[in-house]
Amino acid sequence: MTQRTLLILILLSLLGLGASVNAEPVVVVNAASAVKQLSQDEVINIFLGRYRRLPTGESAIPIDQPEGSPLRAEFYRKLVNKDLNEINAYWSRLIFSGRTSPPLQAANLANVMSLLTGSASSIGYLDRSQVDKRFRIVLEFPP
Amino acid sequence: MKVIARKFRPILFPSLRKSLAICVLTGISLGGPSPSWAIDNEVLPELPDISLHGFGTLGITRSNNDNAQFIRDLTQPQGAGAQWTAKVDSVLGVQANVRFSPRTEAVLQAVTRYHGNESYQPELTWAFLKHDFSPDFSLRGGRLGTEFYMLGDSRLVGYSNLSVRPPPDFYGTLVFSYIDGVDVSATLPVASGLLKSKLFAGQSPEKTTFAPDLLWNLQGSTLVGGYVDYLSGPWQVRLSHAQVRFELESPLDAAVQAGSNPLSGVPYLSLVPEMAMANRLSHFSSIGLVYDQGPLNVQFMLNQIRHDSPAYADSRAGYLMAAYRLGALTPYLGVSRSLSILEALPTSASALVDAVTKVLAARRYTDQHTYTMGGRWDVQKSLALKAQVDWIRGQPSSVFLFKNRQAGWDGNMTVVSLALDFVF
């Protein structure tokens, strides 16, 4: 390995690129929720504000990971194959035409978790390694 | 390289992302009480929750000739000639959202842009209260955006659109942006997709440019319409219809007299009352199809406008636009068309009056294609730079979508535009 290649690798890992490649988002709800499973279309409808109703009939409250989180970029890439600029442009259209609001945005991972455990209507995404018994996985993306 | 570019941007501009995160994506106020995220089991921010947002475009436009001026829509009294101008596309909008409860929200929006009376006078574009009775059913009342065509109520928000401006062949004749009224929207899951519909009704509070120094007051005109959408996977299809009943007469008499005054001051409409617009209906029908799958976005729309008055010829328009995202760059190609349908004009006992009728009707005629090529570069979060060229190829008689036409006009024009779009 040349010095230059090494430098690039160090830079990339400092920029968090390594972490984003390894992020594996799974869609989760509160373990107490009656929702057992959701289809990808249902999750798209909830997170893109098209139709926010859970199969149980309750309103769904989607929770986004913080801005800049590699998990967030990976989630939208897996969900709709869009980058975050496109998601941002999508929400600009809806916000400035006075329609649906975007998902609630947590300030950090701990907030994501407390928002999820705090309400049976909440729906979010976590890295698979962060899922514990407080949460139920309702959608996994194909690798 | 594509992947690296995509991953780099969020990390290089964390502070900008953060500020937008706060003000656009969550609805937490910029200067208000701090959010209560730290409290466990507290799902929603404190209420009432005020958030401020904004959008804008800094755009410059020029064409290759001064035989006519290129405009974005008919509300603009002047447009772009062979000199660069910022008039056509520049816009600034600010919006406040006030959330009173998880289901009730008020939205206020003001926009300044170049429009009627040669002014940038700000307009209150939205001022409504929205209530979601359920995830399936919402009601809004107050001053609302009109959605005659798909994407019609966000046509000033450059950042949310692919091209510099929505194709003028299709959207340029639309002079209605908002109404004072109500709308209801409903959503129903059907098969694997969603059926969405909206109905709106209200009165126009707007004025539009009629001739260079003349405004047509649209106040009191009744607008009623609705649409049905079906969304399934990457597809969205919409059928929509709207109609307008004009309350006040267009300033046609004044326009005739301000010109060469061929009738020596006799009001034209007293001689040809058929050309009146007041109390007449205009009907706008359209179909829209969007395919949005990953990096590929394709839009196809068709419309038909029917005017009960012969003062405006019926018309058809359509466009097809396709874009493909390559990392931060999104090149796009489009073609659009607008065509007036000639109809019999009212006649009178006087050849002179009939000649005036012919001239007036000819001012509303369009028959042209526009070929568009451009690119969008998402420079950083909430900031996009666009460059676009439009080649307009039309008949010399195609004049409706231009201003200040000169004798040398041959129906052809090339328009170059640069735009910086932002949201905050």
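What counts, and where the lines are drawn
- Residues numbered from 1 in each chain as written.
- Chains lettered and ligands numbered in written order.
- Predicted model: local features only at pLDDT ≥ 70, side-chain atom pairs only at ≥ 80, totals over all residues.
- Heavy atoms only, no water.
- Helix = DSSP H or I, 4+ residues; strand = E, 2+ residues; numbered from the N terminus.
- Buried < 20%, exposed > 50% of the residue type's maximum accessible area, 1.4 Å probe, protein only.
- Contact = heavy atoms within 4.5 Å.
- Phe/Tyr/Trp six-rings, centres within 6.5 Å; stacked < 30°, edge-to-face > 60°.
- Pairing = 2+ DSSP bridges.
- Axes fitted to C-alpha atoms, helices over the stretch in contact; angles between N-to-C directions.
- Salt bridge = Lys/Arg side-chain N within 4 Å of Asp/Glu carboxyl O.
- Polar contact = N/O pair within 3.5 Å; in protein donor to acceptor, adjacent residues only side chain to side chain.
- Core = buried A, V, L, I, M, F, W, Y, C linked by side-chain atoms within 4.5 Å.
- pLDDT = per-residue confidence, 0-100.

## What about the overall build of chain A?
Part 1 of the reasoning: Counting its regular elements, chain A contains six helices and five strands.
Part 2 of the reasoning: Listed N to C, the secondary structure of chain A is α-α-β-α-β-α-α-β-α-β-β in terms of helices and strands.
Part 3 of the reasoning: When each of the 143 residues of chain A is scored for burial, the buried share is 54%.
Part 4 of the reasoning: A separation threshold of at least 6 residues defines the contact pool for chain A, and within that pool the share at least 24 residues apart is 71%.

## A closer look at the packing of aromatic side chains
Residue and element names in this part refer to chain B.
Part 1 of the reasoning: Tallying each qualifying case throughout the model produces 26 aromatic pairs over all chains.
Part 2 of the reasoning: Taken together, a centroid distance of 6.2 Å and an interplanar angle of 25° make the contact between Phe148 and Phe200 stacked. Placement of the pair is Phe148 in the loop between strand 6 (137–145) and helix 3 (168–171) and Phe200 in strand 8 (residues 193–203), with a sequence separation of 52 residues.
Part 3 of the reasoning: The class for Phe148 is buried, based on a relative accessible area of 1%.

## What about the sheet that holds strand 2 (residues 61–64) of chain A?
Sheets are built from strands paired through backbone hydrogen bonds, the pairs being either parallel or antiparallel.
Residue and element names in this part refer to chain A.
Part 1 of the reasoning: The mixed open sheet is built from five strands, whose spatial order is 3-2-4-1-5. In this open sheet, the two edge strands, each paired with only one partner strand, are strand 3 (104–105) and strand 5 (135–140).
Part 2 of the reasoning: In the sheet, strand 1 (residues 25–30) pairs with strand 4 (residues 122–127) via five bridges, with the strands oriented antiparallel. Among the inter-strand pairings, Val27 is bridged to a residue of strand 4, identified as Tyr125.
Part 3 of the reasoning: Sheet strands in contact with helix 6 (residues 109–118) are strand 1, strand 2, strand 4 and strand 5, and its direction is about 140° off that of strand 4.

## A look at the pattern of salt bridges
Residues and elements named next belong to chain B.
Part 1 of the reasoning: Following the criterion strictly, the structure yields 31 salt bridges over all chains and no others.
Part 2 of the reasoning: Arg99 serves as the salt-bridge partner of Glu105, at 3.5 Å between the closest nitrogen and oxygen.
Part 3 of the reasoning: Residue Glu105 is classed as buried on the basis of its relative accessible area of 7%.
Part 4 of the reasoning: Relative accessible area serves as the criterion here: at 19%, Arg99 is assigned to the buried category.
Part 5 of the reasoning: Note that Arg140 is salt-bridged to Asp183, the shortest N-O span being 2.8 Å. Placement of the pair is Arg140 in strand 6 and Asp183 in strand 7 (residues 178–190), with a sequence separation of 43 residues. The same class applies to Arg140 as to Asp183, namely buried.

## Description of the side chain of Ser417 of chain B
Residues and elements named next belong to chain B.
Part 1 of the reasoning: By the element assignment, Ser417 lies in strand 20 (residues 412–423).
Part 2 of the reasoning: Exposure remark for Ser417: the relative accessible area of 1% places this residue in the buried category.
Part 3 of the reasoning: In terms of polar contacts, Ser417 uses its side chain to reach the side chain of Arg165, at 2.6 Å.
Part 4 of the reasoning: Not counting residues within four places of it along the chain, the set of residues in contact with Ser417 comprises Ile60, Thr61, Val164, Arg165, Lys386, Ala387, Gln388 and Asp390.

## Things to note about the environment of Ser90 of chain B
Residues and elements named next belong to chain B.
Part 1 of the reasoning: In this structure, Ser90 sits in the loop between strand 2 (69–70) and strand 3 (91–101).
Part 2 of the reasoning: Among all residues touching Ser90, those that are not within four sequence positions of it are Thr57, Leu58, Gly59, Arg113 and Tyr114.
Part 3 of the reasoning: Of the polar contacts made by the side chain of Ser90, one reaches the backbone oxygen of Ala86; its length is 2.8 Å.

## Quick look at the environment of Phe176 of chain B
Residue and element names in this part refer to chain B.
Part 1 of the reasoning: Topologically, Phe176 is positioned in the loop between helix 3 and strand 7.
Part 2 of the reasoning: Among the residues examined, Phe176 registers a relative accessible area of 2% and is labelled buried.
Part 3 of the reasoning: Residues Phe176 and Ser204, 28 residues apart in the sequence, show an inter-C-alpha distance of 7.6 Å.
Part 4 of the reasoning: Apart from the residues lying within four places of it in its own chain, the contact partners of Phe176 are Thr146, Phe148, Arg155, Ser204, Glu206, Leu218, Leu223, Val244, Phe246 and Phe284.

## Thoughts on the nonpolar core
What tends to happen in soluble globular proteins is that the nonpolar side chains get buried as a cluster.
Part 1 of the reasoning: In terms of nonpolar packing, the biggest core is built from 55 residues, with Phe148, Tyr149, Phe176, Tyr268, Met275 and Phe284 of chain B touching the most fellow members.
Part 2 of the reasoning: Ranked by residue count, the leading element in this core is strand 15 (residues 314–324) of chain B, at four residues.

## Structural notes on the confidence of the model for chain B
Part 1 of the reasoning: The predicted model of chain B has a mean per-residue pLDDT of 89, with 89% of residues at 70 or higher.
Part 2 of the reasoning: The complex model carries a pTM of 0.86, and its ipTM stands at 0.85.

## What to know about unusual backbone geometry
Residues and elements named next belong to chain B.
Part 1 of the reasoning: A positive phi is found at Asn117, a non-glycine position, where the angle reads about 65°.
Part 2 of the reasoning: Its location among the elements puts Asn117 in the loop between strand 4 (104–113) and strand 5 (123–134).
Part 3 of the reasoning: Exposure remark for Asn117: the relative accessible area of 52% places this residue in the exposed category.
Part 4 of the reasoning: One non-glycine residue, Ala191, adopts positive backbone phi at about 50°.
Part 5 of the reasoning: In this fold, Ala191 is placed in the loop between strand 7 and strand 8.

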